[in-house]
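# Working through the structure, step by step
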Amino acid sequence: MKKVKFVEHIRPDVTTDIVYMMCPMHLLKLDEMMGKLQKGQILELLTDYDGALEDIPEWCEKTGNEFIGVDETDDYFKFYIRKTA
Amino acid sequence: MQCYFDHVATTPLRPEVLEAMMPYFKEEFGNPLSIYPLGTNAREAVERAREQVAGLVNAKSTEIIFTSSGAEANNFALRGIAFARQHEGRHIIVSRMEHHSILNSARFLEKMGFTATYLPPDRHGLIDPEAVRKAITDETILISVIHASPEVGTIEPVREIAAIARERNITFHTDAVASVGNIPVDVKELGADLLSMSAHQFNGPKGAGALYLREGQRIIPLIFGGIQEGGRRAGTENVPAIVGMGRAAEIAKAELPHRVDGIRRLRDRLIEGIMKMEAVHFTGHPEQRLPGHASFCVEYIEGEGMLLMLAAKGIYVASGSACTSKALKSSPVLLSMGIPTHVAHGSVVFTLGADNTEEQIDYALEEFPQVIKRLRELSPFSKGWGDIEEGGTCIPKK
Amino acid sequence: MYSKEVMDHFMNPRNVGEMPDADGVGTEGNPVCGDMMKLFIKVKDNRIEDAKFQTFGCGAAIAVSSMITEMVKGKTLDEAMSISKEQVASALGGLPPQKMHCSNLGADALRKAIEDYRQKHGSQ
């Protein structure tokens, strides 16, 4: 597993909450939301699924979007992705 | 003459609903997750049904999660919210008017370390919103109060209770299985965060229910697996049943406005006729009740006898008596309303639907007094109860 | 749910009613518990000449009462005393498991009626 970059105080343009939704909703939702974003905008994706730590950076790499990093709360992760593709 | 007066048990499937379902049993058998046309057709059918069901309760289609039944929707709501919010508190409030699927879920949560408050109704079966307010603690995360009681027909002040829950940032769920499709139900107007419904209660098929989940409300799945229902309820969709539920919802929405008055008129006639008999008590709220619902306790006799004798005459009704339940326990709802146990044994429930006629009501009013008379002739209490000892336990001898 | 015999005895119960000049009366059960049976017997020469019943309860309770009043007629008190709940249930073509206690109720009411008779008439 690649080393995940942890970030704080990122200000997203759009937030989507998929906490407690099953895998692979994080990828489906990510795909759906990125389609709606303008180039340069930042998506914040909330999920409790730890597999996303691997999947989301990889997805970004594959699709040419920028993976900014991840922030952690007690019970879920916040992923930040900038639309660059 | 056959008279089906048990619409609270289930309702007849509308022919148009069956017709809408048929292709999905046959040629359109695809899995909604498959990407070829057979799959996308099924997916489109499910999504159309979602819009139809959302339309019936004024929700967005993304706020509807299909389930296998009303009971599953209730289990899902209670467990799903309790576990999703347990880090904020571990206290829930439910009423004593609830269906077993709520009460037993609450009991399960108690075993898992939650605490639960069970609110008693008044003699009409109403839950007092102020009692809900008083039961709230800093730990309360979820309140669930039934919309309408299938046992006594009472419609609860759900809107007031939802408003109290909202003030305190508590999630509010209502079990609307007995009401959706039978009276207008609007999730926005009620202010519910979650609402359960069931297709076979409004002329749809069995095997389909739904949970309305307000946008932004987190819930932990009851069934883990794949991405069906937005990753919140796994399992390949019961496409024909879902399609049937959608069609039934569409029909109910279109017909409700002019259906309710006719049913209520028949119901009132039935009540008027039955209340002419001696030692018969009306149960539930006299006005605030489901339009097709008429429930009574008949003194000095027991409910199962009434059911069997009426059934022999082609009249099908229900009872909350102990003997009609497999557990041999009287309806906790009737008892919580303060009805003495020996009277609760004489419970009888008539629930009417759009398929009932005036002739059927006349026939029932002719036959029912004879059934009561007959059973009272058999009863040692035909002249009154005498001295009855309340309380104690009734464990059948081995 | 119920056998043909149960339905027959429920729909057309035999020996219904009070017996004002009964020689023995037995009451078993409690309306709070959902069933109560009152059994009346008329005894002549140590034999049950007639029996009647009044029952508050479900279909099975009524059928059991009806069946037991039929079964005891003509039996000696000792014979009647030995009628078991299983015999009543099987005479009715069986009872659903959750209704077996109804046959118990019948057998107990009968024993109480016989005891009541013996007490009143001082015989054993």
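The rules behind each value
Residues numbered from 1 in each chain as written. Chains lettered and ligands numbered in written order. Predicted model: local features only at pLDDT ≥ 70, side-chain atom pairs only at ≥ 80, totals over all residues. Heavy atoms only, no water. Helix = DSSP H or I, 4+ residues; strand = E, 2+ residues; numbered from the N terminus. Buried < 20%, exposed > 50% of the residue type's maximum accessible area, 1.4 Å probe, protein only. Contact = heavy atoms within 4.5 Å. Areas by Shrake-Rupley, 256 points an atom, 1.4 Å probe, with all protein chains shown as cover. Lys, Arg positive; Asp, Glu negative; His and termini not counted. Charge placed at Lys NZ, Arg CZ, Asp CG, Glu CD. Expected span 1.5 Å × (residues − 1). Arc of directions from axis to C-beta. Buried area = accessible area lost by both parts, 1.4 Å probe. Salt bridge = Lys/Arg side-chain N within 4 Å of Asp/Glu carboxyl O. Polar contact = N/O pair within 3.5 Å; in protein donor to acceptor, adjacent residues only side chain to side chain. Core = buried A, V, L, I, M, F, W, Y, C linked by side-chain atoms within 4.5 Å. Domains from an automatic or database assignment. Pairing = 2+ DSSP bridges. Axes fitted to C-alpha atoms, helices over the stretch in contact; angles between N-to-C directions. Left-handed = near helix turned anticlockwise from the far one by under 90°.

### Regarding the overall build of chain B
For chain B, the helix and strand inventory stands at 13 helices and 12 strands. Dimensions of chain B, computed from the C-alpha atoms along their principal axes, are close to 70 × 50 × 45 Å. Taking all 398 residues of chain B together, 59% fall into the buried category. A separation of at least 24 residues holds for 72% of the contacts in chain B among residues at least 6 apart in sequence. Counting every atom, chain B has about 16200 Å² of accessible surface; 53% of that belongs to carbon and sulfur. In chain B, which carries 42 positive and 49 negative side-chain charges, the distance between the mean positions of the two groups comes to 3 Å.

### Considerations on helix H2 (residues 59-72) of chain C
For H2 of chain C, spanning 14 residues, the distance from its first C-alpha to its last is 20 Å, which sits close to the expected 20 Å at 1.5 Å a residue. Among the 14 residues that make up H2 of chain C, 13 are buried, leaving the element largely enclosed by the rest of the structure.

### Some words on helix H1 (residues 15-25) of chain B
Residues and elements named next belong to chain B. Turning to H1, its buried residues are Val17, Met21 and Tyr24. Summarising the axial view, the buried residues of H1 lie within an arc of 40°, below the 170-degree limit, and thus occupy one face. Looking at H1, the residues exposed on the side facing more than 90 degrees away from the buried face are Pro15 and Glu19. In this structure, the buried side of H1 is in contact with helix H2 (37-57) and helix H9 (239-274).

### What about the interface of chain B and chain C?
Between chain B and chain C, the contact holds 32 residues from the first and 32 residues from the second. Approximately 2400 Å² of surface area, both sides summed, lies buried where chain B meets chain C, with 67% of it carried by carbon and sulfur atoms. Across the chain B-chain C interface, the total number found is 2 salt bridges. One salt bridge connects Lys383 of chain B with Glu18 of chain C, and the closest N-O pair in it is separated by 3.2 Å. Linking chain B with chain C are 9 residue pairs in polar contact (both at pLDDT 80 or more). Of all the secondary structure elements, the ones that give two or more residues to the side of chain B that touches chain C are helix H10 (303-312), helix H12 (341-344) and helix H13 (358-378) of chain B. Looking at which element gives the most residues to the side of chain B that touches chain C, the answer is H10 of chain B, with 5 residues.

### Some thoughts on the side chain of Thr16 of chain A
As for its position among the elements, Thr16 of chain A is in strand E1 (residues 14-17). Beyond its immediate chain neighbours, meaning those up to four positions away, Thr16 of chain A contacts Lys29, Met33, Leu43, Glu44, Leu45 and Leu46 of chain A.

### Focus on the nonpolar core
Ile64, Ile143, Leu195 and Met197 of chain B are the most contacted members of the largest nonpolar core, which has 71 residues in total. Here the element with the most residues in this core is H9 of chain B; it accounts for 9 residues. Inspection of this core shows a minimum of three residues originating in each of domain 1 (3-8 + 258-396) and domain 2 (15-252) of chain B. Once residues within four sequence positions are removed from consideration, Ile143 of chain B is found in contact with Ile93, Val132, Ile136, Ile161, Ala165, Ile170, Thr171, Phe172 and His173 of chain B. Phe296 of chain B together with Ile83, Ala109 and Leu110 of chain C belong to the second-largest nonpolar core, a separate cluster that totals 65 residues.

### A word on the sheet that holds strand E2 (residues 35-44) of chain C
Residue and element names in this part refer to chain C. Within the open sheet, the 3 strands sit side by side as E1-E2-E3. Their pairing is antiparallel. For this open sheet the edge positions go to strand E1 (24-30) and strand E3 (47-56), each flanked by a neighbour on one side alone. Geometrically, the sheet is characterised by an average inter-axis angle of 15° between neighbouring strands, direction not taken into account. Contacts from H2 reach E2 and E3, with the element oriented near 175° to E3.

### Quick look at the packing of helix H1 (residues 25-36) of chain A against helix H2 (residues 52-63) of chain A
All names here are of chain A. Between H1 and H2, the shortest axis-to-axis distance is 10 Å and the interhelical angle comes to 35°. Between H1 and H2 lies a crossing of right-handed hand. Each of His26, Leu27, Leu30, Asp31 and Met34 in H1 lies in contact with H2, whose residues at this interface are Ala52, Asp55, Ile56 and Trp59.

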